[in-house]
Amino acid sequence: MNLKELAQKMLEEGFNPHQTNVDDNGYDNLPDGIYDAILEDVQFRVNEKGTEWLSLTFTIINEGYENRKYFANYWLTEKQLEQNIKKLWGHAAQVFNVELTVDDIANIETAVVEKLQEALGTQVELELKTSRYKDKRTGEMKEFQNFKLSSGVPF
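Remember, predicted model here, so these are calculated numbers, not experimental data. (Residues numbered from 1 in each chain as written. Predicted model: local features only at pLDDT ≥ 70, side-chain atom pairs only at ≥ 80, totals over all residues. Heavy atoms only, no water.)

Novice: Would you explain the pairing of strand β4 (residues 123-134) in this entry?
Specialist: Each regular strand displays side chains that alternate between the two surfaces of the sheet. One ladder, built from six bridges, connects strand β1 (residues 33-46) with β4; its direction is antiparallel. Pairing of aspartate 36 across the sheet is with glutamate 125, part of β4. Here β4 pairs with strand β5 (residues 141-151) via eleven bridges, running antiparallel. Across the sheet, glutamate 125 pairs through a bridge with serine 150, a residue of β5. The loop that links β4 with its antiparallel partner β5 comprises six residues; one of these, glycine 139, has a positive phi angle of about 80 degrees. (Pairing = 2+ DSSP bridges. Helix = DSSP H or I, 4+ residues; strand = E, 2+ residues; numbered from the N terminus.)

Novice: What should I look at first to understand the packing of aromatic side chains in this one?
Specialist: The tally for this structure, following the rule as stated, stands at five aromatic pairs. A centroid spacing of 5.5 Å and a plane angle of 85 degrees characterise the contact between tyrosine 35 and tyrosine 65, whose relative ring orientation is edge-to-face. Taken together, the residues span a long stretch of sequence, with tyrosine 35 in strand β1 and tyrosine 65 in the loop between β2 (52-60) and β3 (69-75) at a distance of 30 residues. Summarising the aromatic geometry, the rings of tyrosine 74 and phenylalanine 147 are spaced 5.4 Å apart at their centres and angled 90 degrees between planes, so their arrangement reads as edge-to-face. Residue tyrosine 74 is found in strand β3, and its partner phenylalanine 147 is found in strand β5; the two are separated by 73 residues along the sequence. Given a relative accessible area of 5%, phenylalanine 147 falls into the buried group. Members of the aromatic cluster, joined through ring pairs, are Tyr70, Tyr74 and Phe147. (Phe/Tyr/Trp six-rings, centres within 6.5 Å; stacked < 30°, edge-to-face > 60°. Buried < 20%, exposed > 50% of the residue type's maximum accessible area, 1.4 Å probe, protein only.)

And the structure:
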């Protein structure tokens, strides 16, 4: 199917570019629980506001959720820095069997990413738990999905 055929099919199925919410990507959070997952990618990221984080991409292998992605993010904001460095350093050593040094942590955007590349393909147990909180600025209730990693037992 070429792009013209795809566009025509979308219109015939009811897509309206003036009304459809295109920001809804159809990917809800995975339900809380424990999943078997494979580490697929490690990236250091920075958004347009300057917020930095290390993102680990996992592919879920459980039946019913096969090939779904989960992005485990270690936010490097002032508020969460120490907690997330401890979490990252512990996961590297205990889950991925990757030794990080103080110098590696100081160069997280290159050294940590490079060392964690060695763990690509590692199977882990990924536990997800959703927390709810009230946004202080807007008063809205919001959700955040926390993750825990442990060594996975390969099938």
